[in-house]
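The primary structure of each chain is shown beneath.
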Amino acid sequence: TMKVTRAWAPNGADRFYNLVRHHFYDGAAFFRVLPGFMAQFGMSAYPQVSRAWENANIKDDRVTQHNLRGYVSFAMAGPNTRTTQIFINYGNNGNLDQSGFAPFAQVTDGMDVVDKLYSGYGEGAPDGRGPNQNLIGAKGRAYLAQSFPKLDTIDTASIVPPAPKPAAAQ
């Protein structure tokens, strides 16, 4: 369970909300899990869906929170390149703050599950033996199931409305 705080990073929070609302993350794999650093996901299991989003960049948000354990930020390849990929910080990654990685959410329940995600493949290709993001985009779940069968995946992501506030005492 993640609690999204729009005030922290409104562009990221809005994008995440819309992706979850439209079931983008359903079936997505945690394809880059680096112990002590982070667990990354956010490429669709379906190539046609990935293609539709690959150039749908959002503007950077100002960094108002730190990349601490359990905080969630969008991955990026430079300024204003955030699309669909996000990561959960395993530790204090404050070094990412000055690079513009703006947390928009925090894991509030289930961080013990995040800690158990399969990390045996390591860094992605070409720097490691993990999945190649270009091939994930082109072949989706079929590529991952065949070449990286131990990856953990998201069954379904959904929006849970906030609990109602108690009535004011009279």
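Please refer to the structure placed before this passage.
In this text the structure is predicted, and so the values were computed from the model without any measurement. (Residues numbered from 1 in each chain as written. Predicted model: local features only at pLDDT ≥ 70, side-chain atom pairs only at ≥ 80, totals over all residues. Heavy atoms only, no water.)

Chemist: Is there a simple way to think about helix 1 (residues 10-21) in this case?
Modeler: Turn by turn, an α-helix covers 3.6 residues, leaving residues three or four places apart pointing in a common direction. When the terminal C-alpha atoms of helix 1 are compared, their 16 Å separation across 12 residues agrees well with the 16 Å that a helix rising 1.5 Å per residue should span. Regarding helix 1, the residues found buried are Gly12, Ala13, Arg15, Phe16, Leu19 and Val20. The buried residues of helix 1 occupy an angular sector of 165° when the element is viewed end-on, so they sit on one face. In this structure, the buried side of helix 1 is in contact with strand 1 (2-4), helix 2 (47-53), strand 4 (71-74), strand 5 (86-89) and strand 6 (103-107). His23, located one to two residues past helix 1, shows a positive phi value of around 65°. (Helix = DSSP H or I, 4+ residues; strand = E, 2+ residues; numbered from the N terminus. Expected span 1.5 Å × (residues − 1). Buried < 20%, exposed > 50% of the residue type's maximum accessible area, 1.4 Å probe, protein only. Arc of directions from axis to C-beta. Contact = heavy atoms within 4.5 Å.)

Chemist: How do you make sense of the pattern of salt bridges when you look at a structure like this?
Modeler: Think of it this way: side chains of opposite charge can pair up when their charged atoms draw near. In this structure the tally under the stated criterion is five salt bridges. Where Arg82 meets Asp60, a salt bridge forms, and the shortest distance between an N and an O atom there is 3.8 Å. Residue Arg82 is located in the loop between strand 4 and strand 5, and its partner Asp60 is located in the loop between helix 2 and strand 4; the two are separated by 22 residues in the primary sequence. Given the relative accessible area of 29%, Asp60 is considered partly exposed. (Salt bridge = Lys/Arg side-chain N within 4 Å of Asp/Glu carboxyl O.)

Chemist: Would you mind showing me how to read unusual backbone geometry here?
Modeler: Trans is the prevailing form of peptide bonds, just as negative phi is the prevailing case for residues other than glycine. Looking along the chain, the bond that leaves Ala125 and enters Pro126 is cis, with omega of 5°. As for its placement among the helices and strands, Pro126 is situated in the loop between helix 3 (111-114) and helix 4 (133-139). Backbone geometry places His23, a non-glycine residue, at a positive phi of 65°. Checked against the element boundaries, His23 lands in the loop between helix 1 and strand 2 (32-34). Overall, His23 belongs to the partly exposed group, its relative accessible area being 46%.

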